[in-house]
Amino acid sequence: MFNRTERLLAFRYLKSRKRTGFVSVIAGFSFLGIMLGVATLIIVMSVMNGFKAELMGRILGLNGHLGVYPEFGAKLTEYTDLKNNILKLDGVQAVIPVVDGQVMITTQEGQAGVMVRGMERDDFAGRELLMQNYHGENIVNFEKNHVILGWRLASKLGLRAGDKMTMISPKANITAFGSMPKMKSYEIIGTFDSGMSEYDSNFVFMPLVEAQKFFAMKDGVSHLEVFATDLSQVPSVLDKAFDVVDGRGSVYDWRHTNQAFFNAIEVERNVMFLILTLIIIVAAFNMISGLIMLVQDKAKDIAVLRTMGMSKGAVQRVFLLAGLTVGSIGTLAGVILGLLFCYNIDGIKNWLESLSGHELFSAEIYFLSHLPAKVDINEVLWVAGMSLALAFLATLYPSWKASKTDPVEALRYE
């Protein structure tokens, strides 16, 4: 498409000389604008993808893909047959009975309101997210009056394995002396680190039977958590579970229970994409101005080339190549910089925090304990393609203007 003469002229025009130094500075800023725009867009999109994927993994690691909740009342009774029938469905991996309740816990160091979740020992041990960062006594001791709590909660209250704490239920017991809050002491056998601040700071796990006693549920549970073999199986399992439940309760999938949360992330992601795309557009306008100034500066050179027999198309291709060179190199540099940043994002974050002395990514604010980044190659290619397309469009008018230069007018006052 471009012959040797056109390439030679295009690259020579981009070099800095005394008379065209300012034009080369503008080309340099255009290059930096495109590079930083592409890199920033890749970094932000990757962080948003990683943030969404990490949150989804943490949420689904602690909660089921679907939940079966009682239609009326505060508990689901005679749930064993219902559990077994759901477990027989294709695409279902596990069904876990759960008792949930809010309590106040008190220790010598202070008190805190927490969410208590009761489940069987084997069900807790089957949660990979909990067990991979579990610290404490052997999980076989998770029975009777033993509890496991998040490490942030334990750290806040100065608790560790072997210590005891007191739970106070908001539901009072009626006694001869009036209403008395229900209180019971429990021993801590370990802590877990889910990597999600909301759970690590607020959750306490206890054996299912103990939870049923403490919350006065007898043989009932708060709900059933259903785990599908694969995330893609959730819609089909949801339809089948409706038929099995048959009016005994309501079935909701993870998208329904966390819809507002993930919608907010998606909106934020789209808005950030639009805002950061403006950086590349501004760099494209900067490229247009730089090429127009280059065309005006090289008007006499263009006139000489035209009188020597160079066609209008050849002149247009020279300046088209000059602009595309800046855009292509800037895009390539931006992709490399963005990928390097994404693959080393935690190290860079730690370095910036040590340099500034401030925490840049607070787990209490952003839910996660580390800064995630998930690179989507299709998105990277899409961003690179968009940048190249904008660079191409930015060169059309200046190169067309160069091809329309009148040799007679350009050389009249020479």
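Quick note: structure is the one above.
This section reports on the structure supplied with the text. (Residues numbered from 1 in each chain as written. Predicted model: local features only at pLDDT ≥ 70, side-chain atom pairs only at ≥ 80, totals over all residues. Heavy atoms only, no water.)

With respect to the pairing of strand E1 (residues 66-70)
Then, number 1: For E1, a buried count of four out of five residues is recorded, marking the element as mostly surrounded by other parts of the structure.
Then, number 2: In this sheet, strand E10 (residues 249-253) lies alongside E1 in antiparallel orientation, the contact comprising five bridges. Bridge pairing in E10 places leucine 66 opposite aspartate 253. (Buried < 20%, exposed > 50% of the residue type's maximum accessible area, 1.4 Å probe, protein only. Helix = DSSP H or I, 4+ residues; strand = E, 2+ residues; numbered from the N terminus. Pairing = 2+ DSSP bridges.)

Some details on the pattern of salt bridges
Then, number 1: Taken as a whole, this structure holds five salt bridges when the rule is applied.
Then, number 2: The salt bridge partner of glutamate 225 is arginine 127, with a shortest N-O separation of 2.7 Å. Taken as a pair, glutamate 225 in strand E9 (residues 223-228) and arginine 127 in the loop between helix H4 (121-125) and helix H5 (128-131) lie far apart in primary sequence, 98 residues in all. For the pair glutamate 225 and arginine 127, a shared accessibility class is recorded, and that class is buried.
Then, number 3: Between arginine 269 and glutamate 379 there is a salt bridge, with its nearest N and O atoms 1.8 Å apart. Placement of arginine 269 in helix H11 (residues 259-297) and of glutamate 379 in helix H16 (residues 377-403) is noted, with a sequence separation of 110 residues between them.
Then, number 4: You can call arginine 269 buried: its relative accessible area is 14%. (Salt bridge = Lys/Arg side-chain N within 4 Å of Asp/Glu carboxyl O.)

Some details on the packing of aromatic side chains
Then, number 1: With the rule as written, the count across this model stands at eleven aromatic pairs.
Then, number 2: Between tyrosine 199 and phenylalanine 203, the aromatic rings sit 5.0 Å apart at their centres with planes inclined by 80°, giving edge-to-face as the arrangement. Here the two residues tyrosine 199 and phenylalanine 203 agree in accessibility, since each one is buried.
Then, number 3: Taking the centre distance of 5.6 Å and the plane angle of 50° together, the rings of phenylalanine 273 and tryptophan 382 count as tilted. (Phe/Tyr/Trp six-rings, centres within 6.5 Å; stacked < 30°, edge-to-face > 60°.)

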